[in-house]
Amino acid sequence: VQLVESGGGLVQPGGSLRLSCAASGFTFSNYAMLWDRQAPGKERELVATISGAGGTTNYADSVKGRFTISRDNAKNTVYLQMNSLKPEDTAVYFCHVIRLGTDYWGQGTQVTVSS
């Protein structure tokens, strides 16, 4: 299993970013995908999930209405569209899959929201 995130960066409050995660090493469409984040000094938290077919999504209350998770099973890629970003969204964002009872994460991509 390999997960490679991209798309992070520095953005001003109120701005937008789109994160991508390219997955390989497993049958992508068979598995729900997750985005987690970890801010400095805090525990990793779940941000959003999407079912294998993409029909079901869930979000943490802190991002609901601002973030959108989606996937393209033909490209083995999951996305996180982040709008109306706030300084408290600053964190390392990780792509995550649970396969056969084992958790896998990518290396993460840094998102910094600051003026």
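So, here is what we can say about the structure in this document. Here the structure is a predicted model, which means the values were calculated and not measured.

### Thoughts on the environment of serine 115
Mapping serine 115 onto the fold places it in the segment after strand S11 (109-113). Between the C-alpha atom of serine 115 and that of threonine 49, which follows or precedes it by 66 residues, the distance is 29 Å.

### Section: the sheet that holds strand S1 (residues 2-6)
Judged by pairing direction, the sheet is antiparallel, and its four strands sit side by side in the order S1-S3-S8-S7 without closing on themselves. In this open sheet, the two strands that pair with only one neighbour each are S1 and strand S7 (67-72). Direction aside, the axes of adjacent strands within the sheet are offset by 15° on average. Where strand S3 (residues 17-24) meets strand S8 (residues 77-82), six bridges bridge the pair, whose relative direction is antiparallel.

### Focus: the nonpolar core
Membership of the largest hydrophobic core comes to 29 residues, with the highest contact counts inside it found for Met33, Trp35, Val78, Leu80, Met82 and Tyr93. Elements with a contribution of two residues or more to this core: S3, strand S4 (33-38), strand S5 (45-50), S7, S8, strand S9 (91-99) and S11. Among all residues touching tyrosine 93, those that are not within four sequence positions of it are Glu5, Leu19, Trp35, Asp36, Arg37, Val47, Phe67, Leu80, Met82, Gly108, Thr109 and Val111.

### Some thoughts on the side chain of arginine 37
Locating arginine 37 in the fold gives a position in strand S4. Relative accessible area serves as the criterion here: at 6%, arginine 37 is assigned to the buried category. Those residues in contact with arginine 37, other than ones at most four positions away along the chain, are Glu43, Arg44, Glu45, Val47, Ser62, Val63, Phe67, Glu88, Asp89, Ala91, Val92 and Tyr93.

Conventions used here
- Within each chain, residue numbers correspond to sequence positions counted from 1 in written order.
- For a predicted model such as this one, the threshold for reporting local features is a pLDDT of at least 70, and the threshold for listing and counting side-chain atom pairs is 80 or more; totals across whole chains, interfaces and linings nevertheless cover every residue.
- Values reported for side chains reflect all heavy atoms of the structure, with hydrogen atoms and water molecules removed beforehand.
- A helix here means a DSSP run of H or I that spans at least four residues, while a strand means a run of E at least two residues long, and both kinds are numbered starting from the N terminus.
- In short, DSSP must find at least two bridges between two strands for them to pair.
- Fitted lines through C-alpha atoms serve as axes, helices being fitted only where they are in contact, and the angles separating the N-to-C directions of these axes extend from 0 to 180 degrees.
- For this analysis, a nonpolar core means a set of buried residues of the types Ala, Val, Leu, Ile, Met, Phe, Trp, Tyr and Cys, connected via side-chain atoms within 4.5 Å.
- Each residue is assigned to one of three classes by its accessible area relative to the maximum for its type, calculated with a 1.4 Å probe on protein chains only: buried under 20%, partly exposed between the two thresholds, exposed over 50%.
- Only heavy atoms enter the contact rule, under which two residues are in contact if any of them lie within 4.5 Å.

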